[in-house]
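Here is how the chains run, residue by residue.
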Amino acid sequence: MPASAQTQSAPTRQAYIALGSNLDNPLFQVRRAMLLLAELEHSHLVKRSSFYRSAPLGKTDQPDFINAVAQMETKLTPHHLLEALLEIERTCGRIRTYPNAPRILDLDILLYDGLQIQDERLVLPHPRMHERAFVLQPLLEITSTCMIPGRGSAAECLSACNDQSLERIASS
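Here's a quick rundown of the structure.

About the thresholds
Residues numbered from 1 in each chain as written. Predicted model: local features only at pLDDT ≥ 70, side-chain atom pairs only at ≥ 80, totals over all residues. Heavy atoms only, no water. Helix = DSSP H or I, 4+ residues; strand = E, 2+ residues; numbered from the N terminus. Salt bridge = Lys/Arg side-chain N within 4 Å of Asp/Glu carboxyl O. Buried < 20%, exposed > 50% of the residue type's maximum accessible area, 1.4 Å probe, protein only. Expected span 1.5 Å × (residues − 1). Contact = heavy atoms within 4.5 Å. Polar contact = N/O pair within 3.5 Å; in protein donor to acceptor, adjacent residues only side chain to side chain. Core = buried A, V, L, I, M, F, W, Y, C linked by side-chain atoms within 4.5 Å.

Here the residue pair leucine 124 and proline 125 is connected by a cis peptide bond, since its omega of -5 degrees sits within 30 degrees of zero. Residue placement: proline 125 occurs in the loop between β7 (123-124) and α4 (133-142). In this structure, asparagine 25 is a non-glycine residue whose phi angle is positive, near 60 degrees. Mapped onto the secondary structure, asparagine 25 falls in the loop between β1 (13-21) and α2 (26-38).

And the structure:
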C-alpha cells in the first residue's frame, strides 16, 4: 500500500506541539507557525494556547521568547510528524547553529497519544517539558488535566517551576 494510502487509513492520534521564537519578530513567527500547523496534511489543529513571553533558560544572554502550545489531531506517525515540524522550521528560516541558540522558530512534539519513545531521532514525552513553565502553562491552558507519562500531572510539574519568568501576552 502506498505511504499516502497508509496515512489516510491510519488512526487519528492526539499530539501536543510546543512553539517558540526569539528572533525576527517572535510573535509573528509563532503566529505564522500556527497557521502552517493548521495546514499540515493528515492533521487538524484542534486548540491553541495564548501566547506567552518567557526569559531564556540555559543560555540566558539572548532575547526573551514567545511561546505557545498547539493541540493537533493527526494521522501522521510520531516520526513523520517530527519531519513535518522540521520542514515548517526550515520554511520559516530556522538554521541550527548550537544548542540553546537564539532561533526564528522551534517546534517540539511534547506528547503524542501518551506514547513513550526514545530513539536517535525522537524522545517522547519531550525530555525537559516537565521543567519548563513556558511549556506547561500553555499546555495546561488547553488541557487542564494533562498527565505527562513517567512524570505525573502537568499542574504538579508547573508548581515546581515557580522560579521561571512567564507572562501571558495575547490570546491566540
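Bringing the pattern of salt bridges into the picture now. In total, this model carries nine salt bridges according to the counting rule given. Here arginine 90 makes a salt bridge to glutamate 87, at a shortest N to O gap of 3.1 Å. Note that arginine 90 and glutamate 87 are positioned in helix α3 (residues 78-91) at a spacing of three residues, about one turn of the helix. Given a relative accessible area of 48%, arginine 90 falls into the partly exposed group. For glutamate 89, the salt bridge goes to arginine 94, with nearest N and O atoms at 3.5 Å. We classify glutamate 89 as buried; its relative accessible area is 2%. A single network of salt bridges, built from pairs that share partners, joins Glu89, Arg94, Arg96, Arg103 and Asp106.

Attention now moves to α3. Residues lying three or four places apart along an α-helix face the same way, a consequence of the helix completing one turn every 3.6 residues. The end-to-end C-alpha distance of α3 is 20 Å, a good match for the 20 Å that 14 residues give at a rise of 1.5 Å each. Taken together, the buried positions of α3 are Pro78, Leu81, Leu82, Ala84, Leu85, Leu86, Ile88 and Glu89. Contact partners of the buried residues in α3: β1, α2, β4 (65-74), β5 (106-112), β6 (117-118) and β7. Glycine 93 sits one or two positions beyond α3 and adopts a positive phi of about 100 degrees.

A separate point is the side chain of glutamine 62. By the element assignment, glutamine 62 lies in the loop between β3 (51-54) and β4. There is a polar contact of 2.9 Å between the side chain of glutamine 62 and the side chain of asparagine 22. For glutamine 62, the side chain forms a polar contact with the main-chain oxygen of lysine 59, separated by 2.6 Å.

Residue placement: phenylalanine 65 occurs in strand β4. Taking relative accessible area as the criterion, phenylalanine 65 reaches 10% and is therefore assigned buried. C-alpha of phenylalanine 65 to C-alpha of leucine 19: the two residues are 46 residues apart in sequence and 9.8 Å apart in space. What phenylalanine 65 contacts, discounting residues up to four positions off in sequence, is Gly20, Ser21, Asn22, Tyr52, Arg53, Ser54, Pro56 and Arg103.

This brings us to the nonpolar core. Among the nonpolar cores identified, the biggest contains 31 residues, and Ile17, Leu19, Leu37, Leu81, Leu107 and Ile109 are the most heavily contacted of them. Considering each element in turn, this core owes the most residues, six residues, to α3. For leucine 107, the contacting residues outside a window of four places in its chain are Ile17, Ala18, Leu19, Ala33, Leu85, Ile88 and Glu89. Core analysis: the next-biggest nonpolar cluster, separate from the first, contains 19 residues, Leu110, Leu136, Leu140 and Cys146 among them.

This brings us to the environment of arginine 94. Structurally, the position occupied by arginine 94 is in the loop between α3 and β5. As for arginine 94 and aspartate 106, which are separated by 12 residues in sequence, their C-alpha atoms are 7.8 Å apart. Contacts of arginine 94, omitting those with residues within four sequence positions, involve Glu89, Arg103, Leu105 and Asp106. At a separation of 3.0 Å, a polar atom in the side chain of arginine 94 contacts the main-chain carbonyl oxygen of leucine 105.

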